[in-house]
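Tertiary structure, described
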Amino acid sequence: MLHAVLIMIPDNDRSLPGRERMRRQREAAAKALDESARLSGLPILSWDRDAAGVPVFERGVCWSLSHKTSVAAGVVATTPVGIDVEVIEPRNPALWEYVASAQEQTLLTDGDWPTFFRLWTAKEAVLKANRVGLSKLDVCRLVAAPTPSCAALAFEQSPWSVTFLASERILTAVAHKGAEVAWHRA
Ligand SMILES: CC(C)(COP(=O)(O)OP(=O)(O)OC[C@H]1O[C@@H](n2cnc3c(N)ncnc32)[C@H](O)[C@@H]1OP(=O)(O)O)[C@@H](O)C(=O)NCCC(=O)NCCS
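Description of the structure in this document. Worth saying up front: this structure is predicted, and the values here are computed from it rather than measured.

1. Things to note about the sheet that holds strand E9 (residues 181-185)
The strands that make up a sheet pair up through hydrogen bonds in the backbone, lying either parallel or antiparallel. Spatial ordering of the open sheet is given by E2-E3-E1-E9, a layout of four strands whose pairing is mixed. The strands lining the two open edges of the sheet, one partner per strand, are strand E2 (62-67) and E9. Pairs of neighbouring strands in the sheet enclose a mean axial angle of 15 degrees, with direction left out of account. Across five bridges, strand E1 (residues 2-8) lies against E9 in parallel orientation. Looking at the pairing, Ala-4 lines up with Trp-183 of E9. In the packing of helix H1 (residues 18-40) onto the sheet, contacts are made with E1, E2, strand E3 (71-77) and E9, and the angle to E3 comes to roughly 35 degrees.

2. A closer look at helix H4 (residues 113-129)
For H4, with 17 residues, the first-to-last C-alpha span of 24 Å sits near the 24 Å given by 1.5 Å per residue. Burial analysis of H4 places 14 of its 17 residues in the buried class, the great majority of the element. Downstream of H4 by a residue or two, Arg-131 has a phi angle that is positive, lying close to 60 degrees.

3. Structural notes on the environment of Val-87
Within the fold, Val-87 resides in strand E4 (residues 82-87). A tally of 13 C-beta atoms within 10 Å means that Val-87 is categorised as partly exposed. C-alpha separation for the pair Val-87 and Val-71, spaced 16 residues apart in sequence, amounts to 8.8 Å. In contact with Val-87, other than residues within four places in its own chain, are Lys-68, Ser-70, Arg-169 and Ile-170.

Reading the values: the criteria
- Residues numbered from 1 in each chain as written.
- Predicted model: local features only at pLDDT ≥ 70, side-chain atom pairs only at ≥ 80, totals over all residues.
- Pairing = 2+ DSSP bridges.
- Helix = DSSP H or I, 4+ residues; strand = E, 2+ residues; numbered from the N terminus.
- Axes fitted to C-alpha atoms, helices over the stretch in contact; angles between N-to-C directions.
- Contact = placed C-beta atoms within 7 Å.
- Expected span 1.5 Å × (residues − 1).
- Buried ≥ 20, exposed ≤ 12 C-beta atoms within 10 Å, placed from the backbone.

Function-wise, these values are silent; they only describe arrangement.
So, in structure tokens, the structure goes:
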């Protein structure tokens, strides 16, 4: 069982300096990781990143975090895992072309923003689980039509499952190799 933890960040808005906003986001993400580790019976680590910003794994513990202005998310596991959180809101329509190949677009029954963000968060979560950035977006592919609760993807031929939680306008995706996901709000 994977324990994914979401933490809302009240009053973190554009009236604050960017550095302070980011400090709050990272602090909330670290708390989410602490709680996920506690729920999973795994050690609470220092959640360090390397010089490129990639999470450093220690003691056989894999982890992933994500943060936006109003929300942070974290998940800790003994196998590769990735998490992404986004606020569902209209974006530049040109992003569709960037995120979804022509073949993937044929799998998507809707062209609405919730559908777009399911694909976006699923790919981000799979890329993070593989500890790579957007330069590998092209080898991260949807393999079947996603549902509101899950999606199947492949990264360089290797299959990945993604589980979603949608709550109001916040969508969270966890990428894993076939686990159950329990969602928590701390
Ligand atoms: C680096 C990237 C993972 C950042 O994603 P993001 O959505 O901007 O930000 P998130 O808050 O969700 O994730 C940031 C966290 O990812 C982690 N991260 C960074 N590089 C990572 C990597 N190579 N592998 C795994 N995790 C990584 C870090 O912990 C980082 O947190 P920190 O900045 O506090 O150290 C990357 O995918 C990116 O630049 N995305 C930009 C958004 C975009 O264009 N998405 C296209 C849709 S598919």
